Amino acid sequence: MEENQNRYQNQISNSMTVLSRIHKKSQMIHKVSLNPVRRYMIRKALLGTALCLSMLSQTVSSSAKVTDEPQQSMQTEQTQVTQSGQQNDEPQAGSAVTFGQLNDNEVFLKQSQARVCTLTASTMMIRRAAMLSGNPDWRQITEKSVRKSAWAEKTGLKWNFTAAGVSVTHKTLSSKTELIRLLDKHPEGVVIYNSRKPHAILVTDYTDGVFYCSDPANDKPDGRYPVAQASITIESASRCWYVKNPVNLTVDKGTLSQQFGQRVDNLIYTILDEDAKTAACTGRAFADAAVVVPDTVQIQGVEYQVVQISEGAFADADNLKEIVIGADLTDIGPRAFYQCTSLQKVTINAASLQKIGTDAFAKIHKKAKIFVVGNRIETFAALLSGTSVPVTATIGIGADSNLQIRSQKG
């Protein structure tokens, strides 16, 4: 309170000093060799400024009588808004970047054209490093802006470069163990490159025994997902780029948000409804050829019904050959098995199935066999409408698999 009054008094004193000077200047105008019109305009402007300052000093003087209570009330109100969850997810200055903020879909990019995957993947890495460094303008870091310093025409991404204040360097990559060590020191991620099948991805993190990534290829999903869904594998990578400076960046993992999934056995799940105890399968943790989506899954000791296969969950899994789906499933999302070109056998225990999304089975093996258990063939055929099952595929009733459905435990 006392500090505010002193500040207000200083402001008033400064304003009165300026007013006095303006008054003297206006009195001197008639001595200056100017034509009458110019003299009138200048004097009028000075007097107008004096009037504004006079009104301002009165306002400041009135404010001196106000206590700090309204300001405290405003701060309390702002705190309540923050606690109510109405604030955005922007990292605040001086606060740690959370795992959720670092892996928001907005952070990731798709390449603008062919043959620039290394550039786009590196741009995503630099964006994340900028976020972790407290740079509020990380959105301004784009493939185009990074290209100016990172790209050599007819050659590709430079071994070493600096963009947006982030220095990047290059090295050969010898093993998974080496990549894990790099990721442990670099929460912004590491760009890996397969020279035999020229393509690069950003490996974002190694969590719960699973490598996660974002693939800049336009035919791959957006955001962060297991490397099993990417265009290349960890084993195929021969080189990498990582951030040399700044160093010692950290991310606040806290309790990882449910939206980023829980690995149980070889699959990834997200919890849909904590009260109803339902979960969705969002894809593979590893590139297994045969997969069972169970009736139920235990996540941290709690059992959930697996009622959904998420959109694009197994898309582009080109080595997936067989899948068996549990009886509690109600929904298979759009493009769930899109372009699984090796998928030859699908067994769906369809007692609860209500919906199959658009292009769910588009571009699977041309001679795939789809078996339905616990549903009339007419009903199942209606569900398949619009899913782009190859016309050469076989659809039948009954099971034809040695894979066993069981509850998975994590």
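Residues numbered from 1 in each chain as written. Predicted model: local features only at pLDDT ≥ 70, side-chain atom pairs only at ≥ 80, totals over all residues. Heavy atoms only, no water.

Engineer: Hey, could you run me through the overall build of the chain in this one?
Structural biologist: Each helix and strand counted, the chain has eight helices and 22 strands in total. Scored against the burial criterion, the 410 residues of the chain give a buried share of 43%. Considering only residue pairs separated by 6 or more positions, the chain has 61% of its internal contacts joining residues 24 or more positions apart. As presented, the chain carries roughly 22000 Å² of accessible surface, and 49% of it is formed by carbon and sulfur atoms. (Helix = DSSP H or I, 4+ residues; strand = E, 2+ residues; numbered from the N terminus. Buried < 20%, exposed > 50% of the residue type's maximum accessible area, 1.4 Å probe, protein only. Contact = heavy atoms within 4.5 Å. Areas by Shrake-Rupley, 256 points an atom, 1.4 Å probe, with all protein chains shown as cover.)

Engineer: Any chance you could explain the pattern of salt bridges here in plain terms?
Structural biologist: Side chains that differ in sign of charge can pair as their charged atoms come close. In the structure shown here, the tally under the stated rule is eight salt bridges. Linking arginine 147 and glutamate 153 is a salt bridge whose minimum nitrogen-to-oxygen distance equals 3.3 Å. Assessed through its relative accessible area of 22%, arginine 147 is described here as partly exposed. Glutamate 153 gets classed as exposed once you look at its relative accessible area, which sits at 53%. Measuring nitrogen to oxygen at the nearest pair gives 3.6 Å for the salt bridge that ties arginine 376 to glutamate 378. (Salt bridge = Lys/Arg side-chain N within 4 Å of Asp/Glu carboxyl O.)

Engineer: Sorry if this is basic, but what is going on with the sheet that holds strand β20 (residues 369-373) here?
Structural biologist: Strand pairing in a sheet relies on backbone hydrogen bonds. The paired strands run either parallel or antiparallel. Pairing in this open sheet of five strands is parallel, and the strands run β13-β16-β18-β20-β21 from one edge to the other. Two strands in the sheet have a free side with no partner beyond their single neighbour: β13 (290-293) and β21 (394-397). Direction aside, neighbouring strands of the sheet carry axes that sit 10 degrees apart on average. When strand β16 (residues 322-325) meets strand β18 (residues 345-349), the two strands line up parallel, connected through four bridges. Residue glutamate 322 lies in a different strand from β18, and its bridge partner there is lysine 345. (Pairing = 2+ DSSP bridges. Axes fitted to C-alpha atoms, helices over the stretch in contact; angles between N-to-C directions.)

Engineer: Please explain the packing of helix α5 (residues 117-132) against helix α6 (residues 143-150) as it appears in this structure.
Structural biologist: The axes of two packed helices give the description: the angle between them and the distance between them. Two numbers describe how α5 lies on α6: the axes approach to 9 Å, and their chain directions differ by 105 degrees. By the angle between their directions, the pair α5 and α6 is classed as roughly perpendicular. Taken together, the residues of α6 that come into contact with α5 (itself represented by Leu119, Thr120, Thr123 and Ile126) are Glu143, Val146, Arg147 and Ala150. Counted by class, the contact of α5 with α6 contains four nonpolar, two polar and two charged residues. (Parallel < 35°, antiparallel > 145°, perpendicular 65-115°, else oblique. Nonpolar A, V, L, I, M, F, W, Y, C, P; charged D, E, K, R; others polar.)

Engineer: How do you make sense of the sheet that holds strand β6 (residues 199-207) when you look at a structure like this?
Structural biologist: Strands sit in the order β3-β4-β9-β5-β6-β7-β8 across an open sheet of seven strands; the sheet is antiparallel. Strands at the two margins of the open sheet, each flanked by one partner only, are β3 (161-163) and β8 (225-226). As defined by bridge partners, strand β5 (residues 190-194) adjoins strand β9 (residues 239-245) across three bridges and the pair is classed as antiparallel. Bridge pairing in β9 places valine 191 opposite tryptophan 241. Here α5 sits on the sheet in contact with β3, β4 (166-172), β5, β6, β7 (210-214) and β9, set at roughly 35 degrees to β6. Contacts between helix α7 (residues 176-185) and the sheet are confined to β4, β5, β6, β7 and β9, with β6 contributing the most and set at about 70 degrees to the helix.

Engineer: Honestly, the nonpolar core in this entry has me stumped. Any pointers?
Structural biologist: Here is a general trend for soluble globular proteins: nonpolar side chains tend to be buried in one another's company. Phe314, Ile332, Phe337 and Phe361 are the most contacted members of the largest nonpolar core, which has 41 residues in total. In terms of nonpolar packing, the next biggest core, distinct from the first, is built from 32 residues, Ala130, Met131, Phe161 and Leu202 among them. (Core = buried A, V, L, I, M, F, W, Y, C linked by side-chain atoms within 4.5 Å.)

Engineer: Can you walk me through the environment of methionine 125 in this structure?
Structural biologist: You can see methionine 125 is positioned in helix α5. With 65 residues separating them in the primary sequence, methionine 125 and valine 190 have C-alpha atoms 7.0 Å apart. Not counting chain neighbours up to four residues away, the residues in contact with methionine 125 comprise Val168, Glu188, Gly189, Val190, Val191, Leu202, Trp241, Tyr242 and Val243.

Engineer: Whenever I open this one, the layout of surface pockets confuses me. Can you help?
Structural biologist: The gaps left among the atoms become clear once a water-sized probe is rolled over them. For the second largest pocket, the calculated volume is near 510 Å³. Around the second largest pocket, the lining comprises 24 residues; the ones closest to its centre are Val227, Ala228, Ile232, Thr233 and Ala287. Tallied by class, the residues present in the lining of the second largest pocket amount to eleven nonpolar, five polar and eight charged. (1 Å grid on protein atoms, 1.4 Å probe; cavity = no way out; pocket = protein on both sides within 12 Å on 5 of 7 lines; lining within 4 Å. Points joined across faces, edges and corners; volume = space filled by probe spheres on them.)

Engineer: Can you walk me through the environment of isoleucine 397 in this structure?
Structural biologist: Within the secondary structure, isoleucine 397 is located in strand β21. Measuring from C-alpha to C-alpha, the distance between isoleucine 397 and isoleucine 377 comes to 6.7 Å, with 20 residues separating the pair along the chain.

Engineer: Would you mind going over the packing of aromatic side chains with me for this structure?
Structural biologist: The description of an aromatic ring pair rests on the distance of the ring centres and on the angle between the ring planes. One pass over the structure, following the stated rule, counts five aromatic pairs. For the pair tyrosine 193 and tryptophan 241, a centre-to-centre distance of 6.4 Å together with 80 degrees between the ring planes defines the contact as edge-to-face. With tyrosine 193 in strand β5 and tryptophan 241 in strand β9, this residue pair connects regions lying 48 residues apart in the sequence. The exposure classification of tyrosine 193 matches that of tryptophan 241, with both residues buried. Note on phenylalanine 337 and phenylalanine 361: the rings are 5.3 Å apart at their centroids and 10 degrees apart in plane angle, and the pair reads as stacked. Of the two residues, phenylalanine 337 is situated in the loop between β17 (331-332) and β18 and phenylalanine 361 in the loop between β19 (355-356) and β20; the sequence distance between them amounts to 24 residues. Residue phenylalanine 337 is classed as buried on the basis of its relative accessible area of 0%. An aromatic cluster is defined as three or more aromatic residues linked by ring pairs; in this entry it consists of Trp159, Tyr193 and Trp241. Sitting over the ring of tyrosine 212, arginine 224 keeps its end group 3.7 Å from the ring centre. A cation over a ring is seen here: arginine 335 above tyrosine 338, with NZ or CZ 4.0 Å from the ring centre. (Phe/Tyr/Trp six-rings, centres within 6.5 Å; stacked < 30°, edge-to-face > 60°. Lys NZ or Arg CZ within 6 Å of the ring centre and 35° of its normal.)

Engineer: Before we go on, may I ask you to explain α7 in this structure?
Structural biologist: Since the α-helix advances by 3.6 residues per turn, residues separated by three or four positions end up pointing in the same direction. Listed as buried for α7 are Glu178, Leu179, Leu182 and Leu183. On an axial view of α7, the arc spanned by its buried residues comes to 135 degrees, and they lie on one face. Turned more than 90 degrees away from the buried face of α7 sit Arg181, Asp184 and Lys185, all of them exposed. Considering only its buried residues, α7 is in contact with β4, β5, β6, β7 and β9. (Arc of directions from axis to C-beta.)

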